[in-house]
Amino acid sequence: MTIRNAIRDHGQRYRPRMACLRKAEKVLLEMQDPRTGVKSQPQRLVITTIPHAITGEDIIAWLAGRFQIDTQEARSFGSMLVALGYIYPLQDHKRLVIKPDASLYRFQTPYFWPTQQWPVEDTDYAIYLAKRNIRKKGILELHEQEQYNRLHKWMNHKWDFIVMQAKEQYRAAKERKKPDRVVFECQERAYWVVHRPPPGTVSAMDYGLERRIDPNADETQTPDFYERIMIFTQQSIMRPRVKSSVSIGALVKYCTTYYSHDPFLSKCLPSNPWLTDDVTFWTLNRLNAEVPSKMRVERWTFSFGELLSDPRGRDDFRLFLKKEFSSENLAFWESCEDLKWGTAATMRGKAEQIYKTFLARGAPRWINIDGKTMEITVSGLRHPHRYVLDAAQTHIYMLMKKDKYGRYIKSPVFKDTMKKAICPEEHKFSDAQLEQNAKNRRPSLSPIILRQQELEQRARMAANAPVDITQVMSKLSQQGKEAPQRRTSR
Amino acid sequence: MGKEECKTMLDALNKVTACYRHLVIALGSTSDSQNLREELKRTRKKAQELAVANRTKLTALLKDKTISKDDRAEYERLWVLFSSSMDLLEVDMKRSLEIGQDFPLKVPTRHLIQTGMTGSTTTVAARAMSVQNMKYEADSNIDTADLRDLQAEISQVSQMMEEMEMKVQVAPWAVEAKQEAGAELKSNMSVGNSSVGVISICEEEPKEEEGGGGSNTGFASICAVIVFFVIVIAALILGYLVINMS
């Protein structure tokens, strides 16, 4: 009985992000006050006059005065009220925004307000469409016609009821006087524009999944509730604290550094793909791009973490380390990351491989870590787990950061990369071109293919691993020893 | 025959449900008033009486095992009509409780929403109660007293619905409707189709056809007055000619 249970629903589904509805209702009530509320004027139609019409500019002025905000914000607030369905426009009824001029609006009756607990029923929509069909004598708009056909198919068992009810409601509405009838029609139409928006209308009712708890309801004060509060406060006391001047300073520094790199806040070169449907920005900033963009190279100078997390930056750094003959550090760090993020089945094998390559005495790519860390790591490797190499990895990371990173930034490798970096020009699309772009949208490469490419590249790199000086020295020493003893190098 | 009785009763219930919905939509707005609350109460009571009558009739008919296949299909269709009406009625009752509580009438500063509707809903209620004129006799604290009654009635209705579901085994999705798409256009709309009157030119407002100003009796009386005047004028002209002749 799925169709029935939607109404007498004992599960109480509540819609998220609708906690604003109670507050909006309070604001609406304040707006009704004859002295301090919004000024209303009569709307003159050809033969009738209907009272209680309000202009957009009056609404915005009232909101700005009531909440002490500027006009721009009052305008967005007003548009939100219209998008939710508390106020509806009388002209241009499909665009749910507030226009800051003399265009007219009217308040919606409480029955048609959006509410938490009354879901919008398809039965009601079907009845409304049938009524509209009667009034328009069979000529519905395209989307309405589609919905009508769909509902006729899916609600066929109720169709008799829908037709009967539509006729009766139509006749009942005819009993009222002309101005009231007009208002009623407008109200109902506005309600359905919000809850079943025609194509091209943005309403605020797109709320996602439903929740089980009413966010507006007060929680009952059970012992459980108080226990949760106690645990929370105890944990808050034990938390380590940072001085707010320090943390705020860090936030400010972060914001100022990354401000120009954030596509939300500043311009994105060549153009933001989400706005212009042109994917040049993404192709230029691919993970394994040959020539990085200037912004990307600039980000590498912000911190060592940035440099390492960008694969192109890591490649550049690797090149630099090869020249300095200390690329085993980066290789070790990468192998540790691989161990941490890899599958559990491969962990044992990887750990052994790492030990043989980097940590054992006389290993081909021996890394230089202090004795204590080496001791901990080697003993941990007897029972390897995901984080067994954490201490060593941190040590190497700090080594690279303190020493190599600074040298990298000053090195010719980096300066060369910076010179070659491209700075694309901004696109200037006309409206026609934007439409063309929107039509030519294509899906990007499948992530499966991207992953395969990544693995291939990794295999290629492992195959021609750079030769480190320790390896060279060990080879030379072994060659020297080969003559007296025939020992094969491992 | 039981079927015809059932159909008439269902039609009546349908009419009352439609009118009740129309009245609830006016709650909380500027056309809200003492009278509206009373109209709601009376319409509700009528709806409940009809509902109980319908239910007993239909359950008796459906429980009867000796009816034919076609008859049973027909009764199931009527059952679906009945239960859908009751669903609508129940939701409207719950909403009227909520809105009635949010917009009390007897407070010093009452803020009803200025929706632009200022007329009364008397005619709608009269239609629901099938009377010519409504008489109002409720006392002044109807909004609070009524809400208590309303809560009791809502729980009654919910109970009735649940009982119905338990007792009668009807699969609503298996019912086939008799009306096809667009059936509402084919009926005779006595008031709407008469295109006497003015069509409002304002673009964004829905085009309205003034079918006689709203009620049949009004139209008839205007017609009678016009005819009367025509006859008087004809009589005067004839009298003048007679006088001239003589």
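This one's a predicted model, so the numbers in the text were calculated from it and none came from an experiment.

1. Examining the overall build of chain A
Assigned secondary structure in chain A consists of 23 helices and four strands. Split into buried and exposed, the 490 residues of chain A put 40% on the buried side. In chain A, the share of contacts with a sequence separation of at least 24, taken over all contacts with a separation of at least 6, comes to 65%. Total accessible area computed for chain A in this model is approximately 29,400 Å², and 57% of it derives from carbon and sulfur atoms.

2. Quick word on the overall build of chain B
Broken down by element type, chain B carries six helices and zero strands. Ordered by position from N to C terminus, the α and β elements of chain B give α-α-α-α-α-α. Looking at the 246 residues of chain B, the share that counts as buried comes to 46%. The long-range share in chain B, meaning contacts at least 24 apart out of those at least 6 apart in sequence, stands at 78%. For chain B, the accessible surface area stands at approximately 12,800 Å², while carbon and sulfur atoms represent 59% of it.

3. Quick look at the side chain of Asn14(B)
Of note, Asn14(B) is situated in helix 1 (residues 2-25). Assessed through its relative accessible area of 2%, Asn14(B) is described here as buried. Side-chain polar atoms of Asn14(B) contact the backbone oxygen of Met164(A), separated by 3.3 Å.

4. A few points about the environment of Arg42(B)
Position of Arg42(B) relative to the elements: it lies in helix 2 (residues 34-63). Each C-alpha atom, one on Arg42(B) and one on Ala128(B), is 9.2 Å from the other, the two residues being 86 residues apart in sequence.

5. Observations concerning the nonpolar core
Ranked by size, the top nonpolar core spans 110 residues in total, and within it Met31(A), Ile59(A), Tyr86(A), Ile87(A), Phe82(B) and Met86(B) carry the most contacts. Per-element tally for this core: the top contributor is helix 3 (residues 69-102) of chain B, with 11 residues. The contact partners of Ile87(A), leaving out residues within four places of it in the chain, are Met31(A), Ile59(A), Leu81(A), Val82(A), Tyr105(A), Arg106(A) and Phe107(A). By size, the runner-up hydrophobic cluster in this structure holds 33 residues, among which are Trp300(A), Trp333(A), Cys336(A) and Met400(A).

6. Considering the environment of Leu319(A)
All names here are of chain A. Mapping Leu319 onto the fold places it in helix 15 (residues 311-324). Residue Leu319 is classed as partly exposed on the basis of its relative accessible area of 42%. Put simply, Leu319 and Phe414 are 95 residues apart on the chain and 9.7 Å apart in space, counted from C-alpha to C-alpha.

7. Some remarks on the packing of helix 15 of chain A against helix 19 (residues 390-410) of chain A
Residues and elements named next belong to chain A. At a minimum axis distance of 11 Å, the contact between helix 15 and helix 19 shows a crossing angle of 90°. With respect to each other, helix 15 and helix 19 are oriented roughly perpendicular. Contact residues: helix 15 offers Gly313, Asp316, Phe317, Phe320, Leu321 and Glu324, while helix 19 offers Met400, Lys404, Tyr405, Arg407 and Tyr408.

8. Notes on the interface of chain B and chain A
Listed by partner, the interface residues are 79 residues for chain B and 71 residues for chain A. Buried surface at the junction of chain B and chain A, summed over both partners, amounts to about 7,300 Å²; 58% is from carbon and sulfur atoms. In this assembly, chain B and chain A are joined by four salt bridges. Residues Glu175(A) and Arg127(B) are paired through a salt bridge, measuring 3.5 Å at the closest nitrogen-oxygen approach.

9. Quick notes on the pattern of salt bridges
Counted under the stated rule, the structure contains 41 salt bridges over all chains. Across the pair Glu168(A) and Arg127(B) runs a salt bridge, and its minimum N-O distance is 3.3 Å. Residue Glu168(A) is found in helix 7 (residues 159-174), and its partner Arg127(B) is found in helix 4 (residues 122-129); the two belong to separate chains. Just as Glu168(A) is buried, Arg127(B) falls in that class too. Among the salt bridges present, the one from Arg318(A) reaches Glu334(A), with a minimum N-O distance of 2.6 Å. You can see Arg318(A) sitting in helix 15 and its partner Glu334(A) sitting in helix 16 (residues 327-341), a full 16 residues away along the chain. Across the pair, Glu334(A) and Arg318(A) agree in class, each one buried. Residues participating in the shared-partner salt-bridge network are Asp160(A), Lys7(B), Glu74(B) and Arg77(B).

10. As for helix 4 (residues 71-84) of chain A
All names here are of chain A. When the terminal C-alpha atoms of helix 4 are compared, their 20 Å separation across 14 residues agrees well with the 20 Å that a helix rising 1.5 Å per residue should span. Along helix 4, the residues that are buried comprise Ala74, Gly78, Ser79, Leu81, Val82, Ala83 and Leu84. Buried-residue contacts for helix 4 involve helix 2 (20-31), helix 3 (56-67), strand 3 (87-89), strand 4 (104-107) and helix 8 (178-195). At the C-terminal side of helix 4, Gly85 shows a positive phi close to 105°.

11. Observations concerning unusual backbone geometry
All names here are of chain A. With omega at -5°, the peptide bond leading from Leu269 into Pro270 counts as cis. Despite not being glycine, Asp92 shows a phi value in the positive range, around 60°. Note that Asp92 resides in the loop between strand 3 and strand 4. Taking relative accessible area as the criterion, Asp92 reaches 27% and is therefore assigned partly exposed. The backbone of Asp277 shows a phi angle near 60°, a positive value even though the residue is not glycine. Mapped onto the elements, Asp277 comes out in the loop between helix 11 (273-276) and helix 12 (280-284). Asp277 sits in the partly exposed class, given a relative accessible area of 24%.

12. So, the sheet that holds strand 1 (residues 41-44) of chain A
All names here are of chain A. Pairing is antiparallel across the open sheet formed by four strands, whose spatial order is 1-2-4-3. Where the open sheet ends on each side, the last strands, each with one partner, are strand 1 and strand 3. Along the sheet, successive strands turn relative to each other by an average axial angle of 55°, direction set aside. Inspection of the sheet shows strand 2 (residues 49-55) paired to strand 4 by two bridges, in the antiparallel sense. Bridging across to strand 4, Ile54 finds its partner in Tyr105. In this fold helix 3 packs onto strand 1, strand 2, strand 3 and strand 4, with an angle of close to 50° to the strand it touches most, strand 2.

13. A few points about the environment of Thr55(A)
Residues and elements named next belong to chain A. Take Thr55: it is sitting in strand 2. Between the C-alpha atom of Thr55 and that of Lys39, which follows or precedes it by 16 residues, the distance is 8.5 Å. Sequence-distant contacts of Thr55, defined by excluding residues within four places in its chain, comprise Gln41, Asp101, Ala102, Ser103, Leu104 and Tyr105. A polar contact is formed between the side chain of Thr55 and the side chain of Asp58, at a distance of 3.0 Å.

14. Focus on the confidence of the model for chain B
Confidence in the prediction of chain B, expressed as mean pLDDT, is 77, and 84% of residues score 70 or more. Taken as a whole, residues 188-216 of chain B scores under 50 in pLDDT and shows 56 contacts with residues more than four places along the chain or in a different chain.

15. Considering the confidence of the model for chain A
Detailed conclusions should not be drawn from predicted coordinates in areas where pLDDT is low. All names here are of chain A. Summarising the model, chain A shows a mean pLDDT of 85, and 89% of its residues fall at 70 or more. Across chain A, the element-wise mean pLDDT spans from 38 in helix 1 (residues 2-5) up to 95 in helix 10 (residues 244-258). Segment residues 1-12: pLDDT under 50, and 24 contacts once partners within four positions in sequence are set aside and those in other chains are kept. This stretch, residues 486-490, has a pLDDT under 50; its non-local contacts, to residues over four places away or in other chains, come to two contacts.

How each quantity is defined
- What you see as residue numbers is a count from 1 along each chain, following the sequence as written.
- Lettering of chains starts at A and numbering of ligands starts at 1, both following the order in which they are written.
- Only residues with pLDDT of at least 70 get local features here, since the model is predicted, and only at 80 or more are side-chain atom pairs given and counted; chain-wide, interface and lining totals rely on the full set of residues.
- Only hydrogens and water are set aside; all other atoms, that is, all heavy atoms of the structure, feed into the side-chain values.
- Numbering of helices and strands runs from the N terminus; a helix is a DSSP stretch of H or I covering at least four residues, while a strand is a stretch of E covering at least two.
- Buried residues are those whose accessible area, probed at 1.4 Å on protein chains only, stays under 20% of the maximum for their type, while exposed residues exceed 50% and partly exposed ones sit between those limits.
- We call two residues in contact when some of their heavy atoms are within 4.5 Å.
- Under the convention used here, a 1.4 Å probe and the Shrake-Rupley method define accessible areas, while residue burial counts only the protein chains that appear.
- As used in this structure description, the phrase polar contact means that two N or O atoms lie within 3.5 Å; if the pair is within protein, one of them must be able to donate a hydrogen and the other to accept it, and residues adjacent in sequence are counted only when both atoms belong to side chains.
- Joining through side-chain atoms within 4.5 Å is the link that ties buried Ala, Val, Leu, Ile, Met, Phe, Trp, Tyr and Cys residues into a set, and such a set is a nonpolar core.
- Lines fitted to C-alpha atoms define the axes, with helix axes restricted to the stretch in contact, and inter-axis angles between N-to-C directions lie between 0 and 180 degrees.
- The labels follow the angle: roughly parallel below 35 degrees, roughly antiparallel above 145, roughly perpendicular from 65 to 115, and oblique for the rest.
- In short, buried area is how much 1.4 Å probe accessible area vanishes from two parts on joining, totalled over both.
- The working definition used for a salt bridge is a side-chain nitrogen of Lys or Arg within 4 Å of a carboxyl oxygen of Asp or Glu.
- One fewer than the residue count of a helix, multiplied by 1.5 Å, yields its expected span.
- The pairing criterion is simple: DSSP has to find at least two bridges between the two strands.
- Scored from 0 to 100, pLDDT reflects the predictor's confidence in each residue.

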